[in-house]
Number of protein chains: 2
Amino acid sequence: MARQAGSKGEETAARIRAAATGLFARHGYAAVSMREIASEVGVGAGAIYNHFTTKQDLLVGLMVGHMTDLLAAWDAEPMAAADAFPAAALEAFARFHIRFHRQRIDEVFVSYMELRSLDQPNFHRVERLRRAYEDRLEGIIARGVAAGAFHAPEPKVAALAIIAMLTGITGWYRQGGRLPASTIEALYVEMVAATVRPKGGPD
Amino acid sequence: MARQAGSKGEETAARIRAAATGLFARHGYAAVSMREIASEVGVGAGAIYNHFTTKQDLLVGLMVGHMTDLLAAWDAEPMAAADAFPAAALEAFARFHIRFHRQRIDEVFVSYMELRSLDQPNFHRVERLRRAYEDRLEGIIARGVAAGAFHAPEPKVAALAIIAMLTGITGWYRQGGRLPASTIEALYVEMVAATVRPKGGPD
DNA sequence: GTCTATACCTTGATAGAC
DNA sequence: GTCTATCAAGGTATAGAC
């Protein structure tokens, strides 16, 4: 599961991961067989076991990889710094979340819908990463509340509500749809900001 | 699948539906076997086929039933009337959605997560019902915009965002958790209202 | 209407040749 | 590292007794 680059078989492993991600997203983990994955990659079913010990191992690798990438990508954003102005950080978070998820629709589907397909130890690994991501947003909101810039009696609840709203885009967004991605992003940035705006506060 | 009341076997059918709903919600449609469902009901696996022709038929019956109930329940609300004040209708919709979904967490899980497990004709049946529900909210928002009470450049997008936000509660809400249901409901009602509130508008 | 028994198929995973 | 062949288990659905 570790991504040892350079070796010959790693390219095959990457193609297996890619095929599995697409198939799991479309049909669900339990509904996809190792044979289907192998067939899409163009290898025999047995070959998968040279790269992953079990089907469960393949799944958890995808999910941990996705969540780890997500966290690392956000933490690399300038606005993720703890001293950023809350309003600017919140907007940056919304734009980041939308863009990252638009680029990885399949990974998002898998990571948010297959939690129940994980056995208990693996579930806790992924859950911890998901919590860490939610905590990033909760932190921004809490700082905004402390600074008097936001209204949010329960920052944790506001964070969960915002993430659900943003992630919901992946459920209906289609490239080439009626609205361009930039318009959708602007609409959501505005709605997110409104969610924590003090009623009589700044516009 | 039609709910012919009174006959003796209908009680068994209802218990099969209940067991299937719980199991599908917890483990996913594809991961649950007819044997497991039958075992939970306390009958043999073959007995299920006296009430449902296939596993797919059992699933689609649950989903169509849930969505139909949801639509009928909302349409029976006084505030669903087309001449209700938009702000009041929006609050009523939020409260209705939260309460209905809290009472039927398993059905919601199944109806929102197993769309991909439906074959094409069944998918379209359920999708049409889901669209109809979204349209109810979109209508409220559009009327609010027309009346100058709401700010929403794209009522359809606002409706999808609000529904995603509200439905997200089912992903983390647990009875007996830190916050009472009434508090959570109040927080979300406020966030929903904020989502479409004109920036310089009424508080 | 439910039971037991079973047909038939696909599953995840393994073994050994190359 | 990949292939083919294979195993044991479990899948949906059916048949016929009661």
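As the structure is a computational prediction, the values presented were derived from the model and not from experiment.

*Asks:* Sorry if this is basic, but what is going on with the protein's contact with DNA strand D here?
*Replies:* The immediate surroundings of DNA strand D are formed by 16 residues, with Gly 44, Asn 50 and His 51 of chain A together with Met 34 and Arg 35 of chain B found nearest. Among the atoms of DNA strand D lying within 4 Å of the protein, the sugar-phosphate backbone contributes 54%. Between DNA strand D and the protein, one listed contact pairs a phosphate oxygen with a side-chain N or O atom of His 51 of chain A at 2.8 Å. A distance of 2.8 Å separates a phosphate oxygen of DNA strand D from a polar backbone atom of Met 34 of chain B.

*Asks:* Before we go on, may I ask you to explain the packing of helix 7 (residues 155–167) of chain A against helix 8 (residues 181–195) of chain B in this structure?
*Replies:* The relative placement of two packed helices comes down to the angle between their axes together with the axis-to-axis distance. For the pair helix 7 of chain A and helix 8 of chain B, interaxial distance at closest approach is 11 Å and the crossing angle is 50°. For the element pair helix 7 of chain A / helix 8 of chain B, the angle class is oblique. Between helix 7 of chain A and helix 8 of chain B lies a crossing whose hand is right-handed. From helix 7 of chain A, Val 157, Ala 158, Leu 160 and Ala 161 of chain A reach across to helix 8 of chain B, where they touch Leu 187, Tyr 188 and Met 191 of chain B. Classifying every residue of the contact of helix 7 of chain A with helix 8 of chain B gives 7 nonpolar, no polar and no charged.

*Asks:* Looking at this structure, I do not really get the interface of chain B and chain A. What am I missing?
*Replies:* Every contact between the two is made by 33 residues of chain B and, on the other side, 33 residues of chain A. Here chain B and chain A share an interface that buries about 3,000 Å² over both sides, 65% of which is from carbon and sulfur atoms. Three residues stand out in chain B for area buried against chain A, namely Arg 116, Val 157 and Lys 199 of chain B, and they jointly supply 24% of the buried area on that side. Summed over the shared surface of chain B and chain A, the result is 6 salt bridges.

*Asks:* Hey, could you run me through the protein's contact with DNA strand C in this one?
*Replies:* The local shell around DNA strand C holds 15 residues, among which Met 34 of chain A together with Thr 12, Gly 44, Asn 50 and His 51 of chain B are the closest. A breakdown of the atoms of DNA strand C within 4 Å of the protein gives sugar and phosphate a share of 57%. In the environment of DNA strand C, a phosphate oxygen lies 2.9 Å from a nitrogen or oxygen atom belonging to the backbone of Lys 55 of chain A. Thr 12 of chain B has a polar side-chain atom sitting 2.6 Å from a phosphate oxygen of DNA strand C. Residues of the surface near DNA strand C, tallied by class, amount to 5 nonpolar, 8 polar and 2 charged.

*Asks:* What am I meant to see in the environment of Phe 85 of chain B here?
*Replies:* Within the secondary structure layout, Phe 85 of chain B lies in the loop between helix 3 (55–75) and helix 4 (86–103). It is 13 Å that separates the C-alpha atoms of Phe 85 of chain B and Leu 137 of chain B, two residues lying 52 residues apart in sequence.

*Asks:* How do you make sense of the nonpolar core when you look at a structure like this?
*Replies:* Side chains of nonpolar character tend, in soluble globular proteins, to be buried together. Counting 128 residues, the largest nonpolar core has Phe 24, Ile 37 and Tyr 188 of chain A together with Phe 24, Ile 37 and Tyr 188 of chain B as its most contacted members. Residues within four places of Phe 24 of chain A in sequence aside, it is in contact with Tyr 29, Val 32, Ile 37, Lys 55, Leu 59, Leu 62, Val 110 and Glu 114 of chain A together with Arg 116 of chain B.

Cut-offs and rules
- Residues numbered from 1 in each chain as written.
- Chains lettered and ligands numbered in written order.
- Predicted model: local features only at pLDDT ≥ 70, side-chain atom pairs only at ≥ 80, totals over all residues.
- Heavy atoms only, no water.
- Near = heavy atom within 4 Å.
- Polar contact = N/O pair within 3.5 Å; in protein donor to acceptor, adjacent residues only side chain to side chain.
- Axes fitted to C-alpha atoms, helices over the stretch in contact; angles between N-to-C directions.
- Helix = DSSP H or I, 4+ residues; strand = E, 2+ residues; numbered from the N terminus.
- Parallel < 35°, antiparallel > 145°, perpendicular 65-115°, else oblique.
- Left-handed = near helix turned anticlockwise from the far one by under 90°.
- Contact = heavy atoms within 4.5 Å.
- Nonpolar A, V, L, I, M, F, W, Y, C, P; charged D, E, K, R; others polar.
- Buried area = accessible area lost by both parts, 1.4 Å probe.
- Salt bridge = Lys/Arg side-chain N within 4 Å of Asp/Glu carboxyl O.
- Core = buried A, V, L, I, M, F, W, Y, C linked by side-chain atoms within 4.5 Å.
- Buried < 20%, exposed > 50% of the residue type's maximum accessible area, 1.4 Å probe, protein only.

Shape is all these values report; function is a separate question.
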